[in-house]
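# Examination of the molecular architecture
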Amino acid sequence: MKFLLKVPMWLVWAMLLFSCDSGDIYPKKYENNEGITVSTTFVFENLDAFPNDYPLIFGAFGDDKQSVPLASVRIMKPKNQEPVKVSIDNLTSEATSVMLCLTDLGRQPVFSLFETSITVADDSIVIPESKVYLASYNRIQNLVFEQYTCVSCHQGVGAGNLTLTADKSYNDLVNKVSSINTAKNRVTPFDINNSFLLDILKDENIVPAQPHTGFVTRNDDIVLLEEWIKNGCER
Ligand code: HEC
């Protein structure tokens, strides 16, 4: 590192100056594919579980789907269940897939709701319309039980005799009597008032020995659990 400090500032400026004298306005990678657009239409089901804390984007990705998209558009909550048209312009051949995904605030994907691979050639790409179910169990498994590391305590013979790993969680929750409040099920389909899972996450007085109210930090994820239960606990 030290030798870098000895490079005089005038040399740094000179290098910067001469390195951008090609006259190109656009980055080279856009030259061949300029104007290629990918578009599609989504119909969102279960709009109450539309994310607010996580930006929802339609993005084009290269081989690394964990990193920020090459290009993306943000999707805002529609007023009703009308189809939402989305498109991304100026795709480059680096793009190998598109995803509809919830992201963190740094635009990195945290959960994908729709995904398909694409090949950027000469023509624009039109992907057929798809339905997007927002209150899926898969989203709960990923964004609640795994993201908030519930599984660190609730695995094997889990804490409270509850296992929240992907292979067991559904069967351990739905229509199973709570071991703490035997008057309620852990989760009762269509009945948020008879679902102890919500009580323990929302009411700090419920298990003073092991308070659960601090675990889920985004309201979106509580709403997701509620909507999933209200809609009958689809698997
Ligand atoms: C630090 C360890 C720990 C973490 C992390 C944790 N739990 Fe628990 N959980 C426990 C313990 C211990 C109990 C049993 C408490 C008791 O019996 O008094 C329990 C009980 C429960 C129960 C009640 C089970 C029943 O039969 O009534 C539910 C539901 C639950 N946890 C869900 C979760 C969810 C969802 C998360 C993540 C958001 C989570 N837990 C994270 C330790 C943990």
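Here we summarise the structure given alongside this text. Because the structure is predicted, anything quoted here is derived from the model rather than measured.

Attention shifts here to the overall build of the chain. What the chain contains, in helices and strands, is six helices and eight strands. Scanning the chain from its N terminus toward the C terminus, one meets helices and strands in the order α-α-β-β-β-β-β-β-β-β-α-α-α-α. Buried positions account for 23% of the 235 residues belonging to the chain. Within the chain, residue pairs in contact and separated by at least 24 positions form 59% of the contacts whose partners lie at least 6 positions apart.

This paragraph deals with the site of the ligand. If you check the shell around the ligand, you find 23 residues, and the closest are Cys150, Cys153, Ala159, Gly160 and Ser178. By residue number, the principal contributor to the shell around the ligand is helix 5 (residues 196–202), which donates three residues. Taken together, the residues that form the shell around the ligand break down as 14 nonpolar, eight polar and one charged.

For the rest of this paragraph, the subject is the sheet that holds strand 2 (residues 56–61). Sheet architecture is open: four strands sit in the order 3-2-5-6, paired in antiparallel fashion. For this open sheet the edge positions go to strand 3 (71–74) and strand 6 (109–117), each flanked by a neighbour on one side alone. Put simply, the sheet's adjacent strands are angled 25° from each other on average, direction ignored. Relative to strand 3, strand 2 is paired through four bridges, and the arrangement is antiparallel. Residue pairing for strand 3: Gly59 is matched across the bridge by Ser72.

Across soluble globular proteins, you tend to see nonpolar side chains buried next to one another. In terms of nonpolar packing, the biggest core is built from 39 residues, with Ala60, Leu197, Leu224, Leu225 and Trp228 touching the most fellow members. Of all the secondary-structure elements, those providing two or more residues to this core are strand 1 (38–45), strand 2, strand 5 (97–103), helix 3 (137–146), helix 5 and helix 6 (219–230). Each of domain 1 (29–133) and domain 2 (137–230) gives at least three residues to this core. Residue contacts for Leu197: discarding those within four places in its chain leaves Leu173, Arg186, Val187 and Leu225.

In the sheet, strand 5 pairs with strand 6 via seven bridges, with the strands oriented antiparallel. Of the residues in strand 6, the one forming a bridge with Leu100 is Phe114. Connecting the antiparallel pair strand 5 and strand 6 is a turn made up of five residues, with Arg107 showing a positive phi of about 65°.

Tracing the backbone shows Ala183 in the loop between helix 4 (169–173) and helix 5. A residue is classified by how many C-beta atoms lie within 10 Å of it, and Ala183, with 8 of them, is exposed. Distance in space between the C-alpha atoms of Ala183 and Asn194 is 8.5 Å, their sequence separation being eleven residues.

About the criteria used
Residues numbered from 1 in each chain as written. Predicted model: local features only at pLDDT ≥ 70, side-chain atom pairs only at ≥ 80, totals over all residues. Helix = DSSP H or I, 4+ residues; strand = E, 2+ residues; numbered from the N terminus. Buried ≥ 20, exposed ≤ 12 C-beta atoms within 10 Å, placed from the backbone. Contact = placed C-beta atoms within 7 Å. Near = placed C-beta within 6 Å. Nonpolar A, V, L, I, M, F, W, Y, C, P; charged D, E, K, R; others polar. Pairing = 2+ DSSP bridges. Axes fitted to C-alpha atoms, helices over the stretch in contact; angles between N-to-C directions. Core = buried A, V, L, I, M, F, W, Y, C linked by C-beta atoms within 7 Å. Domains from an automatic or database assignment.

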